[in-house]
Amino acid sequence: MKIPAVALLALFGLGSHVCAAPRPNILFIIADDQSPFDLKIYNPDSALESPVLDQLAAEGVVLDGAYHMGSFSGAVCTPSRHMVMCGRTVWHLPNARGAVQNGLCPPGLEQHTMAAVFNRAGYETVRTCKKGNSYEGANRQFAIRNDATKRGGTAETGSAWHGEQILNYLEDRAKSASRKPFLIYFGFSHPHDPRNGTPELLAKYGAVNHTDRNAPPPGHAKQPRLPVNYLPAHPFHHGHPGLRDEVKVSGVWERRDERTIRNEIGREFACSENIDIQVGRVLAKLGEMGELDNTYIIYTADHGMAIGRHGLQGKQNLYEHTWRVPFIVKGPGLKAGSRARGNIYLLDVLATICDLAGVEAPASNEGLSFRPVLEGKKDVVRDVMYGVYCGGTKPGMRCVRKGDWKLIKYDVMDGAVRETQLFNLAANPHEFIAEHHDPAVARLTGRPAGKGRTDLAEDPGHAAKLAEMEALLLAEMRRLDDPYRLWNQPQGEANPPDAGKPAKGGKARKPRRPARRE
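These lines cover the structure that appears in this document, whether it is placed above or below. (Residues numbered from 1 in each chain as written. Predicted model: local features only at pLDDT ≥ 70, side-chain atom pairs only at ≥ 80, totals over all residues. Heavy atoms only, no water.)

**Some thoughts on the packing of aromatic side chains**
Move 1: Across all of its chains, the model carries 11 aromatic pairs by this definition.
Move 2: With a centroid separation of 5.5 Å and 85 degrees between ring planes, the pair formed by Phe327 and Phe370 is classed as edge-to-face. With Phe327 in strand β9 (residues 327–330) and Phe370 in the loop between α12 (349–357) and α13 (371–374), this residue pair connects regions lying 43 residues apart in the sequence.
Move 3: Judged by relative accessible area, Phe327 falls into the buried class, the value being 0%.
Move 4: For Phe370, a relative accessible area of 1% translates into the label buried.
Move 5: One aromatic cluster is present, formed by Phe28, Phe142 and Tyr185 through successive ring pairs.
Move 6: The ring of Tyr42 is capped by Arg339, whose NZ or CZ atom sits 5.5 Å from the centre of that ring. (Phe/Tyr/Trp six-rings, centres within 6.5 Å; stacked < 30°, edge-to-face > 60°. Helix = DSSP H or I, 4+ residues; strand = E, 2+ residues; numbered from the N terminus. Buried < 20%, exposed > 50% of the residue type's maximum accessible area, 1.4 Å probe, protein only. Lys NZ or Arg CZ within 6 Å of the ring centre and 35° of its normal.)

**As for the pairing of strand β5 (residues 124–129)**
Move 1: Among the six residues that make up β5, six are buried, leaving the element largely enclosed by the rest of the structure.
Move 2: Of the two faces of β5, both are covered, the one formed by Glu124, Val126 and Thr128 as well as the one formed by Thr125, Arg127 and Cys129.
Move 3: Where β5 lies against strand β7 (residues 182–191), five bridges are found, and the strand directions are parallel. Across the sheet, residue Val126 finds its bridge partner in β7, namely Ile184.
Move 4: In this structure, β5 lies alongside strand β6 (residues 144–147), joined through four bridges in parallel fashion. Among the inter-strand pairings, Cys129 is bridged to a residue of β6, identified as Asp147. (Pairing = 2+ DSSP bridges.)

**Points about unusual backbone geometry**
Move 1: Between His190 and the following residue, Pro191, the backbone shows a cis peptide bond with an omega angle of 0 degrees.
Move 2: With respect to the secondary-structure elements, Pro191 resides in strand β7.
Move 3: Cis geometry marks the peptide bond from Asp193 to Pro194; its omega dihedral reads 0 degrees.
Move 4: Mapped onto the fold, Pro194 is located in the loop between β7 and α8 (199–204).
Move 5: In this model, Asn133 sits at a positive phi of 50 degrees, which is unusual for a non-glycine residue.
Move 6: On the secondary structure map, Asn133 appears in the loop between β5 and α6 (136–139).
Move 7: With phi around 60 degrees, His310 is a residue other than glycine that occupies positive phi space.
Move 8: With relative accessibility at 0%, the residue His310 sits in the buried group.

**Regarding the pattern of salt bridges**
Move 1: One pass over the structure, following the stated rule, counts 43 salt bridges.
Move 2: Close ionic contact of Glu375 with Lys377 constitutes a salt bridge, the shortest N to O distance being 3.2 Å.
Move 3: A relative accessible area of 63% means that Lys377 is categorised as exposed.
Move 4: The structure contains a network of salt bridges with shared partners spanning Asp32, Arg81, Lys130, Arg151 and Asp302. (Salt bridge = Lys/Arg side-chain N within 4 Å of Asp/Glu carboxyl O.)

**As for helix α3 (residues 51–59)**
Move 1: Buried within α3 we find Leu53, Leu56 and Ala57. Viewed end-on, α3 has its buried residues packed into an arc of 100 degrees, placing them on one side of the element.
Move 2: Those residues of α3 that are buried lie in contact with β2 (61–63), α10 (258–289), β8 (295–301) and β9. (Arc of directions from axis to C-beta. Contact = heavy atoms within 4.5 Å.)

**Some words on the packing of α3 against α10**
Move 1: The N-to-C vectors of α3 and α10 enclose an angle of 60 degrees; their axes lie 7 Å apart at closest approach. Classified by the angle their axes make, α3 and α10 are oblique. Residue-level contacts link Pro51, Val52, Leu53 and Leu56 of α3 to Asp276, Val279, Gly280 and Leu283 of α10.
Move 2: Tallied by class, residues from the contact of α3 with α10 come to six nonpolar, one polar and one charged. (Axes fitted to C-alpha atoms, helices over the stretch in contact; angles between N-to-C directions. Parallel < 35°, antiparallel > 145°, perpendicular 65-115°, else oblique. Nonpolar A, V, L, I, M, F, W, Y, C, P; charged D, E, K, R; others polar.)

**Side note on helix α4 (residues 77–86)**
Move 1: With 10 of 10 residues buried, α4 lies mostly within the body of the structure.
Move 2: Turning to α4, its buried residues are Cys77, Thr78, Pro79, Ser80, Arg81, His82, Met83, Val84, Met85 and Cys86.
Move 3: Directly beyond the C-terminal end of α4, a positive phi value near 70 degrees is found at Gly87.

Here's what the structure looks like:
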């Protein structure tokens, strides 16, 4: 009788060593404030050159439906990065007001966050990122940590510094011949403002670090074009008076003119290309060490960004350019050049990297593993996506998406602004609204919005769809323990954590057009 080789190895106690594949490494890369539509893989018209990310996408999987769930703070990155670290939904975070006290978040959660979980699994855990607006309790769990906010235009003050921290670790690893797998959290401080790029990259995109708030920056032929959904102003107040991102960003301030926005996008692209360069350096080092093929590489951002889209500047909105994030994954067993919808949140990252590494996800995790999506076995992990922004006046903004349909609602400025938007994203992927059809706007962007591409909330022909999406939003708010209710939802259910306190922002402003009644 012929005995299989595996059985012979097992007979002599060798099978577990010979047959067991080495545990995979995890390289998690996260940019600060980057819209997916800055990248050519999502927007072929983008002027941003990112050859390393383009190659990563060509060799891996691109997700077209990756989102951050939202924020209860103007510092959107803070809840976003909490969700990455702990895998919990936005209202169940330790920094969500009242969540721990009300039993919506377990105490001591930091011991069940990303690095803590992988430490116990025998991984080397390494981190570099900006300081602040993050989850400090989780960050402290990394065995090797080099954090600093680096938004300057030199190697020491910019993104190259973050790259050096990872290269230094890899160099030490190569010398020590470590056999432990690693989890590297490779974070950048850019392209968050101030977008002080390196001189050569600023010149490449025709941009300057503008400092005169009383005048626009100089125009330059090399500056990127205005975004296709650019507006000189948003048609109604976003609901967060005095919001830093909308009025205080150096180089932009409250200006939304063509020269200011094109210059700022040029600055952003200079910073983003530098990130691409640093990622390339780290991947080259992994290749040199022979560790690249056994490493899952994830590239994403903590949230998107407007910079002129819809007349907005910051990250405190729920349009696709800001609610969505870029998401690329390359690694063992994943089909090169594949693409999927996904319908993932950043909070799903913890469950997924645990699944890929064969590590048990913590019981506190609420995210879903999207490994089946990465492996081409499913297109999505959920059908409905929910989003929130209420860092300004309450109850704030909410959105819900299912299939091609998306609803956004605004209940802000103490009830002075109550707006509803309904989009068919298959027909209107840029979420054009009435103002985009102004010929003056079309002349600036050079790309007319197109007939029928607009907000459909007031179209009687879509009343049934609007009602369906309204009901879906309420169901998601209930499911996720959203403590607020909008003006046309059951008020008796609301349990806002700031009940009895005056709304932020002081006196309400008058809306630019009458509130919609439904």
